[in-house]
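Structure at a glance
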Amino acid sequence: MSELTLTSLLLLFPLIFIVLTSAPPTIASEAATKGYSKSIPRFLGKFANPNRGKSFQYETRYFEQRLDHFSIADLPRFRQRYLISTRHWTGPDRMGPIFLYCGNEGDIEWFAANTGFVWDIAPRFGAMVLFPEHRYYGESMPYGSRDKAYANAASLSYLTAEQALADFAVLVTSLKRNLSAEGCPVVLFGGSYGGMLATWMRLKYPHIAIGALASSAPILQFEDIVPPETFYDIVSSSFKRESISCFDTIKKSWDVIISEGQKNDGLRQLTKAFRLCRDLKKTEDLSEWLDSAYSFLAMVNYPYPSDFLMPLPGHPIKEVCRKMDSCPEGTSVLERIFEGVSVYYNYTGKVECFQLDDDPHGMDGWNWQACTEMVMPMASSRESSMFPTYDYNYSSFQEGCWKDFSVKPRPTWITTEFGGHVRKHSL
């Protein structure tokens, strides 16, 4: 690697760059309505791929990892999947850098296919590209299978950010040793939860990585660092900027859904109106489904078409509001809502019916993480939010976590482990 190129790299990544934009943090705001929901906020990577159809060349490999990096107990090991490309790597003799993307809460191939930035700059820096998969996601399952890994609280207890960071550190250290590349600098990348991991890994393992680029990484969404209403307010403002009437329609719809569901045969009518595959059991399920769509739309409101979460047009929120607002006079609120939300769930027009609990990217493990250490207070304000108004209710959240996983959350652990609060100390 040339001295000029290495200098450029160090100038780009001197410490930790947390890219903050006017876009909302990449939280799937399936937040705890009335304090808790099975659909706890998910922190997906925010990298859509504007160059759809472009393929990236890599090898799929596996690395044997310890189940518990912080214990000497002889526990079963597991195979961690990782993707690697040395196509543009200039090698150890030229100190070719290693670009490591910190795998998120999903299948690593999904993130590799939608993280074009890393692939685009790798040739310029002569970099190796490395995508390690997060434990308990994709094919990186402890105990040999997903069913065994997700069996109970005991088997899930090793699904933590600390263990995932240790996986990344051990993997890249071993890889560098085997390639005689100990002198090659490592630069971390990540989006949202992956960005949080990149930030924390740079803090915890500064001897392993020289820098981290963390995009939309909500590392301050803990305890009382930021107001709990922040996320929903930002999502709502994205819709309000496009159309006040669109904002108002969505804001009205929650009460309309509840009112409709209370009628005789109301749930069946809602099932029919929203073309659901199975009969609706309670209105909360429909509300959460809509909540997810609006929140994800704010995350992927790119000016170009993308298919990271769903196939979507450029400026998808503008399209959603256009669909709602262009309905003929006399169209009901729920009919307008269906027209709008179909942009997210069925832009291709190929979906015959909708599954409310569909998880195409295998992200169920996030519910466990949110109930243990990723405790992120969420609320919705009456004035600024288009979502139902509610206050953060930790007691309700805790009860839900105990019901689902038989665990009690640790709301202060992340800030204890990684920091976040500004503390003033006097000598």
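Residues numbered from 1 in each chain as written. Predicted model: local features only at pLDDT ≥ 70, side-chain atom pairs only at ≥ 80, totals over all residues. Heavy atoms only, no water.

As recorded by an unreviewed UniProt entry, the protein chain carries the name Lysosomal Pro-X carboxypeptidase and is attributed to Vitis rotundifolia.

Further remarks concern the packing of aromatic side chains. Enumeration according to the criterion identifies 32 aromatic pairs in this entry. Among the aromatic residues, those joined into a ring-pair cluster are Phe 56, Tyr 58, Tyr 101, Trp 110, Phe 111, Trp 119, Phe 131 and Phe 308. The ring centre of Phe 247 lies 4.8 Å from the NZ or CZ of Lys 240, which sits over that ring. Against the face of Trp 413 rests Arg 410, its NZ or CZ located 4.7 Å from the ring centre. (Phe/Tyr/Trp six-rings, centres within 6.5 Å; stacked < 30°, edge-to-face > 60°. Lys NZ or Arg CZ within 6 Å of the ring centre and 35° of its normal.)

Moving on: the nonpolar core. Generally speaking, a soluble globular protein has its nonpolar side chains buried in company with each other. One finds Phe 239, Ile 250, Phe 274, Leu 290 and Tyr 294 to be the most contacted residues of the largest nonpolar core, which totals 62 residues. It is helix H11 (residues 283–299) that contributes the most residues to this core, 9 residues altogether. Beyond its immediate chain neighbours, meaning those up to four positions away, Leu 290 contacts Trp 254, Ile 257, Phe 274, Ile 337 and Val 341. Formed by 57 residues, the second largest nonpolar core is a distinct cluster that contains Phe 222, Met 374, Val 375 and Phe 418. (Core = buried A, V, L, I, M, F, W, Y, C linked by side-chain atoms within 4.5 Å. Buried < 20%, exposed > 50% of the residue type's maximum accessible area, 1.4 Å probe, protein only. Helix = DSSP H or I, 4+ residues; strand = E, 2+ residues; numbered from the N terminus. Contact = heavy atoms within 4.5 Å.)

Okay, the pairing of strand E7 (residues 211–215) next. Within a regular beta strand, the side chains point alternately toward one face of the sheet and then the other, so they alternate between its two faces. Counting buried residues in E7 gives 5 out of 5 residues, a clear majority hidden from the surface. Judged by which residues are buried, E7 turns out to be covered on both faces: Gly 211, Leu 213 and Ser 215 on one side and Ala 212 and Ala 214 on the other are all buried. Pairing analysis gives 5 bridges linking strand E6 (residues 186–191) to E7, with the strands arranged parallel. Following the sheet pairing, Leu 188 is matched in E7 by Ala 212. Viewed along the sheet, the connection from E6 through helix H7 (residues 193–204) into E7 turns out right-handed. (Pairing = 2+ DSSP bridges. Right-handed = clockwise from strand over helix to strand, strands pointing away.)

This next bit is on the pattern of salt bridges. Pairs can form between side chains of opposite charge whenever their charged atoms are close. Within the structure shown, the criterion is met by 12 salt bridges. Between Glu 59 and Arg 61 there is a salt bridge, and its shortest N-O distance comes to 3.3 Å. Under the relative-accessibility criterion, Arg 61 is labelled partly exposed at 29%. The partner of Glu 260 in a salt bridge is Lys 263, and the shortest N-O contact between them spans 3.2 Å. (Salt bridge = Lys/Arg side-chain N within 4 Å of Asp/Glu carboxyl O.)

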